[in-house]
Structures are given as structure tokens and as C-alpha cells.
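Read off the chains here:
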Amino acid sequence: MKQKRARLIYNPTSGQEIMKKNVAEVLDILEGAGFEASAFQTTPDENSAKNEATRAAKAGFDLVIAAGGDGVAPLKKRPQMAVIPTGTTNDFARALKIPRGNPVEAAKVIAKNQTLQMDIGRAYDDKYFINIAAAGSFTELTYSVPSRLKTVLGYLAYL
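Residues numbered from 1 in each chain as written. Predicted model: local features only at pLDDT ≥ 70, side-chain atom pairs only at ≥ 80, totals over all residues. Heavy atoms only, no water.

Draft legend 1. Looking closely at the overall build of the chain. Scanning the chain from N- to C-terminus turns up 6 helices and 6 strands. Each helix and strand of the chain, placed in order from N terminus to C terminus, yields the pattern β-α-β-α-β-β-α-α-β-β-α-α. Look at the contacts in the chain between residues 6 or more apart in sequence, and 51% of them connect residues 24 or more apart. About 10,300 Å² of surface is accessible on the chain, with carbon and sulfur atoms providing 50% of the total. (Helix = DSSP H or I, 4+ residues; strand = E, 2+ residues; numbered from the N terminus. Contact = heavy atoms within 4.5 Å. Areas by Shrake-Rupley, 256 points an atom, 1.4 Å probe, with all protein chains shown as cover.)

The following block contains the structure:
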């Protein structure tokens, strides 16, 4: 039987660099769950995570684990998706009761191989979303708050 492959895609600066500090342990947990696991650290290049998610899906990875998850929605054959929440608010993870701020505990949830069917929303023909779609001032706000401020204040930085 072919061993399943998992690809972890993470932003090294997200959430006080918590993912970068825990990559090795997360990969160990995935390996213990039967995956051949590897990681991709995003770059400042536009669509870095999206492009890697697309590449991993087309390469036949069975599971893509992301802080995000862009890139696989328009494909006919999609891998399973998982989230390790490392951002500031993590509303999606909160709703799913995935441990936030602790990549190792989130990876243990992934290792349980529990799946949930999710709807994918689509806007403007080629923009996909799972948790939220926004436009105007709301989206400008999330990009205008400096990363340094989010690191210090967390969710309060948005207020």
C-alpha cells in the first residue's frame, strides 16, 4: 500500500513565529500518524502559499496542512485540508475547536484523521473562501495593522 503524503505550508512570521519553532515536532506527529511529511516555508512572493498548495495537490499529496489553504479549491481532485492555527485571531480554528497557539496540539488533532465536509464559497469567478469573504474597509483593516502590533496585542490590535 502506498504511504500517504502530507505537506505542511506555513508562514514563518505568523503568530510570533510559533510554527517555525514547532515544525520538527509537528512533522514527527504526522510521521507517527503514518504520513510521509514535509514542510514548505512561505516567502514574501505574491501567492507563495497558494502556489505551493496548488503544486502539492497536483503532485498527489493526500493532505495539505496550511495556515491558509488557497490554491486547491479550483482543482477537480483535491487533497484533504487541515489547519494549524498560528495567526492572530484564528476564528475558523476556534469554530472547529482546533487548539490555537499550540501547533503540536493542533497536529495531534490532525493525526486523529477525523474529517468534516466543508462548503467552499466562490466569488468573482476565481476567488474561493471557506470561513469568510469580505470587501472594502474590513479587508483594508486586516492588512493595515502592523505585524509587530499584532504580535504584542494579538486580537486587540484590530480594535
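Draft legend 2. Geometry of the side chain of N22. On the secondary structure map, N22 appears in helix α1 (residues 18–32). With residues up to four places along the chain from it excluded, the contact list for N22 reads P103 and V104.

Draft legend 3. Just the sheet that holds strand β3 (residues 63–66), in detail. In space, the 4 strands of this open sheet follow the order β2-β1-β3-β4, with parallel pairing throughout. Edge positions in the open sheet fall to β2 (35–41) and β4 (80–83), since each of these has one partner strand only. With strand direction ignored, the average angle separating the axes of adjacent strands in the sheet is 20 degrees. In this structure, β3 lies alongside β4, joined through 4 bridges in parallel fashion. Bridge pairing links V64 to M81 in β4. Packing against the sheet, helix α2 (residues 48–58) makes contact with β1 (4–10), β2 and β3, and its axis sits at approximately 175 degrees to β1. (Pairing = 2+ DSSP bridges. Axes fitted to C-alpha atoms, helices over the stretch in contact; angles between N-to-C directions.)

Draft legend 4. Region of the structure containing the side chain of E52. Along the chain, the position of E52 falls in helix α2. Overall, E52 belongs to the buried group, its relative accessible area being 5%. Reaching out from E52, the side chain makes a polar contact with the side chain of R55 at a distance of 2.9 Å. (Buried < 20%, exposed > 50% of the residue type's maximum accessible area, 1.4 Å probe, protein only. Polar contact = N/O pair within 3.5 Å; in protein donor to acceptor, adjacent residues only side chain to side chain.)

Draft legend 5. Just the pairing of β1, in detail. Across the 7 residues of β1, 5 count as buried, placing the element largely inside the fold. Where β1 meets β2, 7 bridges bridge the pair, whose relative direction is parallel. What sits directly across from A6, in β2, is A37.

Draft legend 6. Quick look at unusual backbone geometry. The phi torsion at K97 lies on the positive side, around 60 degrees, for a residue other than glycine. You can see K97 is positioned in the loop between α3 (91–96) and α4 (103–111).

Draft legend 7. Broad picture of a negative patch on the surface. A cluster of like negative charges, contributed by E25, D28, E31 and E36, occupies part of the molecular surface. Here the negative patch gets 3 residues from one element, more than from any other, and that element is α1. Given a relative accessible area of 39%, E31 falls into the partly exposed group. (Patch = residues over 30% accessible without salt bridge, like charges linked within 9 Å, V, L, I, M, F, W, Y side chains within 5 Å. Salt bridge = Lys/Arg side-chain N within 4 Å of Asp/Glu carboxyl O. Lys, Arg positive; Asp, Glu negative; His and termini not counted. Charge placed at Lys NZ, Arg CZ, Asp CG, Glu CD.)

Draft legend 8. Fine view of α2. Looking only at α2, the buried set comprises S48, E52, A53, T54, A56 and A57. Residues of α2 that are buried make contact with β1, β2 and β3. Two residues or fewer after α2 comes G60, characterised by a positive phi angle close to 90 degrees.

Draft legend 9. A look at the packing of α1 against α4. Packing of α1 against α4 leaves a shortest axis separation of 8 Å and a crossing angle of 30 degrees. Between α1 and α4, the crossing angle belongs to the class labelled roughly parallel. Crossing of α1 against α4: the hand is right-handed. Touching I18, M19, N22, E25, V26, I29 and L30 of α1 are P103, V104, A107, K108, I110 and A111, all from α4. (Parallel < 35°, antiparallel > 145°, perpendicular 65-115°, else oblique. Left-handed = near helix turned anticlockwise from the far one by under 90°.)

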